[in-house]
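Chains, contacts and geometry: an overview
What follows is the residue order along each chain.
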Amino acid sequence: MYLLALNCGSSSIKGKLFDLPPAATPADLDVPLNGAATIAVSNIGSKGDKVVIKVSWEAGRGQDVKEEGAEGSTVEHRDIFPILLKNLAGSGGVQGSEIKYITHRIVHGGLNKKPLIVTHEHEEALTEMDALSEFAPLHNHHAVLGVRACLEALPEHTSVLLFDTLFHQTLPRETYTYALPPPELATAIPLRKYGFHGLSYASIVRSLSANLGKPASDINVVVAHLGSGASACCILGGKSIDTTMGLTPLEGLVGGTRTGTIDPTAIFHHTKDPGGDAGLKDMHVTRAELVMNKKSGLTALAGTQNFGLITQRIADPSTCSPEEGAAAQLAYDVFVDRLMGFLAAYLSKLLYRVPLANVALAFSGGIGENSAQLRADVLARLGWLGAEVDAGKNAARAQDGEVVRTISTAGSKLRTYVVLTDEEAQCAHMAREALNI
Ligand SMILES: Nc1ncnc2c1ncn2[C@@H]1O[C@H](COP(=O)(O)OP(=O)(O)O)[C@@H](O)[C@H]1O
Ligand SMILES: CC(=O)OP(=O)(O)O
Ligand SMILES: [Mg+2]
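In every chain, residue numbers begin from 1 and rise along the written sequence. Starting at A for chains and at 1 for ligands, labels are handed out in the order in which the entities are written. It should be noted that, the model being predicted, local features are given only for residues of pLDDT at least 70 and side-chain atom pairs only at 80 or more, the latter also being counted only at that level, while totals for whole chains, interfaces and linings use all residues. To get the side-chain values, take all heavy atoms of the structure and skip hydrogens and water.

We apply this condition: UniProt positions are given in the numbering used here, feature names are shortened, and annotations may be inferred rather than shown by experiment.
By the naming in an unreviewed UniProt entry, the protein chain is Probable acetate kinase, taken from Apiotrichum porosum. The record in UniProt for the protein chain states the following under Pathway (unreviewed entry): "Metabolic intermediate biosynthesis; acetyl-CoA biosynthesis; acetyl-CoA from acetate: step 1/2." The record held by UniProt for the protein chain lists under Cofactor (unreviewed entry) the comment "Mg(2+)".

Written as structure tokens, this is what we have:
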């Protein structure tokens, strides 16, 4: 029997197939499930790039698959799910009927306080989640179509919907409240900060807790989850007390294609007919939201959202034109500038309550886990707090199975870690808790 955990990103699908023991007891919950295979699909929706589908099996479990599909802009998330299920059967002999549970990361869960269960007979929750698509335009609708595609292909399984927003239920009222008058329009959910990347933050708290041998209630950490969507979170006693993303994943840090926080009036001077419909299929999104979510951020400043390429152009100007080099430098500087503003604010929120010796900083996400340059630059800007990077540890790659690693010196007053986030394992854990499996 298997549990499949799927994570539908804006241009990617990540997944893990886990072995599920036939009869688990609540005590087994602390023992992580055995991973059988990892799935990675990239370039969905991306112009000029072919969609790449990879299935990697643990030793002896199957034959790895790497398949190039059609050009990204012609492919939608929903097209991929049947191919993935077919590949699992074809390369590892996993029959659909053996996949008993599928967990889905849904970015916006509104005010839902716990995971929702969906089966072929009871799909009501999907309509509710789709109604929130305009509050997570790069994510919710695709994920909902993914759940529907899986239910169609494997009608016998049970789906568990896990929300990024769940982790941020502990935000205090003064933090989640927007200083707006009562809305003139009816909205599906209250207009307030919800926060995202919560499954990642929950995974990081669990990893730090296990690695440091402390209960989650002793984990006080500012986490920078820096991927194609970037956010930071202020975690006190294992709970979120502030985070940069808001009503939608647009607020806060600069993203691969997102503005992050700007003066909201700028867009009315920038875009023609900002309130007009952007013409997206099956979803109402305004032209302003499309520009701010899909055409801005690193892409707008550097012409690429590939952070590795941006840092390479800065490090070695001979790899690009002078204009590209200058654009890369500006994109990098803007990214770091916004990040530092939030990190300093969040550290001050923690330090007002707990001593520095009990506070940590952690980096995660594709950029946070891979860009030693960015981490070094951030720590240099936190020298006033006594932060000191260990250049050797910061430059080293993670050892096999090393989820948490320290990158600050022994004398650094701010302990700093790189934590490999695992949203899929977190989803599997929460689904087992919810279903008692
Ligand atoms: N070696 C690297 N150096 C710097 N950035 C990297 C590296 N590898 C990946 N990244 C960046 O990580 C980002 C993707 O992160 P990820 O967390 O997988 O994103 P998401 O889940 O939001 O799609 C991309 O912007 C990519 O440029
Ligand atoms: C919420 C969000 O932005 O997610 P991702 O970074 O996976 O796109
Ligand atoms: Mg992600």
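Still more ground to cover, so stick around.
1. Here's the deal with empty space enclosed by the protein
Put simply, the test is: For each structure, a 1 Å grid was placed over the protein atoms alone; sets of points admitting a 1.4 Å probe that cannot get out are labelled cavities, open sets with protein on both sides within 12 Å along at least five of seven lines are labelled pockets, and lining residues have an atom within 4 Å of a point. Grid points are joined across faces, edges and corners, and a volume is the space filled by probe spheres set on the points. Classification used: nonpolar for Ala, Val, Leu, Ile, Met, Phe, Trp, Tyr, Cys and Pro, charged for Asp, Glu, Lys and Arg, polar for all others including Gly.
By the definition in use, this model includes one cavity of 30 Å³ or more. A class-by-class count of the residues in the lining of the largest cavity yields five nonpolar, two polar and three charged.

2. A look at the site of ligand 1
Where we set the bar: Put simply, a residue is near a molecule or strand once any heavy atom of it comes within 4 Å of that molecule or strand. Nitrogen and oxygen atoms within 3.5 Å of one another constitute a polar contact, given that in protein one can donate a hydrogen and the other can accept it, and given that sequence-neighbouring residues count only through two side-chain atoms. Per-residue accessibility takes into account occlusion by the displayed protein chains alone, with areas from the Shrake-Rupley method and a 1.4 Å probe. Numbered from the N terminus, helices here are DSSP runs of H or I no shorter than four residues, and strands are runs of E no shorter than two.
The local shell around ligand 1 holds 13 residues, among which K14, S228, F307, G366 and N370 are the closest. The separation between an oxygen atom of ligand 1 and a polar side-chain atom of S228 is 2.7 Å. Contact between ligand 1 and F307: an oxygen atom at 2.8 Å from a main-chain N or O atom of the residue. For ligand 1, whose free accessible area comes to 580 Å², the fraction covered by protein is 69%. No other element matches the four residues that helix α11 (residues 365-370) contributes to the shell around ligand 1.

3. Considerations on helix α3 (residues 140-153)
Our working rule: The span expected for a helix works out to 1.5 Å for each residue beyond the first. Partly exposed describes any residue whose relative accessible area lies between the buried limit of under 20% and the exposed limit of over 50%, with all areas from a 1.4 Å probe on protein chains only and scaled to the type maximum. Contacts are assigned to residue pairs that have any heavy atoms within 4.5 Å of one another.
Given a rise of 1.5 Å per residue, 14 residues ought to cover 20 Å, and the 20 Å separating the end C-alpha atoms of α3 matches this to within 8%. Most of α3 is tucked away: ten of the 14 residues are buried. All of the buried residues along α3 are N140, H141, A143, V144, L145, G146, V147, A149, C150 and L151. Those residues of α3 that are buried lie in contact with β1 (2-8), α1 (77-92), β6 (99-106), β7 (116-118), α2 (124-130) and β8 (158-163).

4. Quick word on the packing of helix α9 (residues 307-315) against helix α10 (residues 322-351)
As a reminder, the rule being used: Interaxial angle, 0 to 180 degrees, is taken between N-to-C directions of lines fitted to C-alpha atoms, where a helix line uses only the stretch in contact. In this scheme, roughly parallel covers angles under 35 degrees and roughly antiparallel covers those over 145, while 65 to 115 is roughly perpendicular and the rest are oblique. Should the near helix be turned anticlockwise from the far one by less than a right angle, the crossing is termed left-handed; should it be turned clockwise, right-handed.
In contact at an axis separation of 8 Å, α9 and α10 are set at 120 degrees when each is read in the N-to-C sense. Taken as axis vectors, α9 and α10 run oblique relative to one another. α9 and α10 meet at a crossing whose hand is left-handed. Two secondary-structure elements touch here, α9 through F307, I310, T311, R313 and I314 and α10 through E324, A328, Q329, Y332 and F335. Taken together, the residues of the contact of α9 with α10 break down into six nonpolar, two polar and two charged.

5. Description of the packing of aromatic side chains
Both the distance between ring centres and the angle between the ring planes are used here to describe each pair of aromatic rings. For clarity, the cut-off: A pair of aromatic rings is counted whenever rings of Phe, Tyr or Trp (Trp by its six-membered ring) have centres within 6.5 Å, and the orientation is called stacked for planes under 30 degrees apart, edge-to-face for over 60 and tilted otherwise.
Within the structure shown, the criterion is met by four aromatic pairs. Measuring from centroid to centroid gives 5.8 Å for F307 and Y332, while their planes differ by 35 degrees, and the two rings are tilted. Here the residue F307 occupies a position in helix α9, and Y332 occupies one in helix α10, the gap between them amounting to 25 residues. By relative accessible area, F307 is classed as buried at 5%. Residue class for Y332 comes out buried when judged on its relative accessible area of 6%. Where F342 meets Y346, the ring centres are 6.2 Å apart and the plane angle is 55 degrees; that geometry is what we call tilted. Within this pair, F342 and its partner Y346 are both found in helix α10, separated by four residues, close to a single helical turn.

6. Observations regarding the site of ligand 2
Keep this limit in mind: In this document the domain limits rely on a domain assignment from an automatic tool or a database.
The immediate surroundings of ligand 2 are formed by S10, R105, V107, H139, D164, F196, H197, G229, M245 and R258. Between ligand 2 and the protein, one listed contact pairs an oxygen atom with a side-chain N or O atom of H197 at 2.8 Å. G229 places a polar main-chain atom, nitrogen or oxygen, 3.2 Å from an oxygen atom of ligand 2. Contact with the protein chains removes 92% of the 260 Å² of surface that ligand 2 exposes when unbound. Split by residue class, the shell around ligand 2 holds three nonpolar, four polar and three charged. Looking at the shell around ligand 2, you find at least three residues from each of domain 1 (2-170) and domain 2 (198-260 + 296-419).

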